[in-house]
Amino acid sequence: VQLQASGGGLVQAGESLRVSCAASENIFSFNAMGWYRQAPGKQRELVALITSSGSIVYADSVKGRFTISRDNTKNTVYLQMNNLKPEDSAVYYCNAEQVGATRVKYWGPGTLVTVSS
């Protein structure tokens, strides 16, 4: 399984950005896909995830500003980020999870999002 994230960049506070995660296989083969982020000196944290049934979870810090969605025809998951804040600056990682006899997590290489004040 390969996950390729794209769309990061440098924006000013209040602006928007969309990051994409393209999977090498059908996204419904995963129980969940999501976005995590890691800022310098901090632990990686969940930003948003969407399950194969369509349930969505957001971190409290991004509720109302970020939206996770998917395009099944492109095997791609998106994270639309609006009203960005400097504290949103981090490397954003795409994640996919399969739960069977064991739980397997796949990670993409990450894309850098920098929000200037």
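Scroll up to find the structure this text is about.
For clarity, every value in this text was computed on a predicted model and none was experimentally measured. (Residues numbered from 1 in each chain as written. Predicted model: local features only at pLDDT ≥ 70, side-chain atom pairs only at ≥ 80, totals over all residues. Heavy atoms only, no water.)

Draft legend 1. Geometry of the overall build of the protein chain. For the protein chain, the helix and strand inventory stands at zero helices and eleven strands. Ordered by position from the N terminus, the helices and strands of the protein chain form the series β-β-β-β-β-β-β-β-β-β-β. The C-alpha radius of gyration computed for the protein chain amounts to 14 Å, which stays within 12% of the reference 13 Å derived for 117 residues, consistent with globular compactness. In terms of overall dimensions, the protein chain has C-alpha extents of about 45 × 30 × 25 Å along its principal axes. Expressed as a percentage of the 117 residues in the protein chain, the buried residues total 40%. Considering only residue pairs separated by 6 or more positions, the protein chain has 53% of its internal contacts joining residues 24 or more positions apart. Counting only carbon and sulfur atoms, one obtains 47% of the accessible surface of the protein chain, whose full area is about 6100 Å². For the protein chain, the distance from the average position of its 11 positive side-chain charges to the average position of its 8 negative side-chain charges is 2 Å. (Helix = DSSP H or I, 4+ residues; strand = E, 2+ residues; numbered from the N terminus. Rg over C-alpha atoms; globule rule 2.2 N^0.38 Å. Buried < 20%, exposed > 50% of the residue type's maximum accessible area, 1.4 Å probe, protein only. Contact = heavy atoms within 4.5 Å. Areas by Shrake-Rupley, 256 points an atom, 1.4 Å probe, with all protein chains shown as cover. Lys, Arg positive; Asp, Glu negative; His and termini not counted. Charge placed at Lys NZ, Arg CZ, Asp CG, Glu CD.)

The values reported here are purely geometric and, on their own, carry no functional implication.
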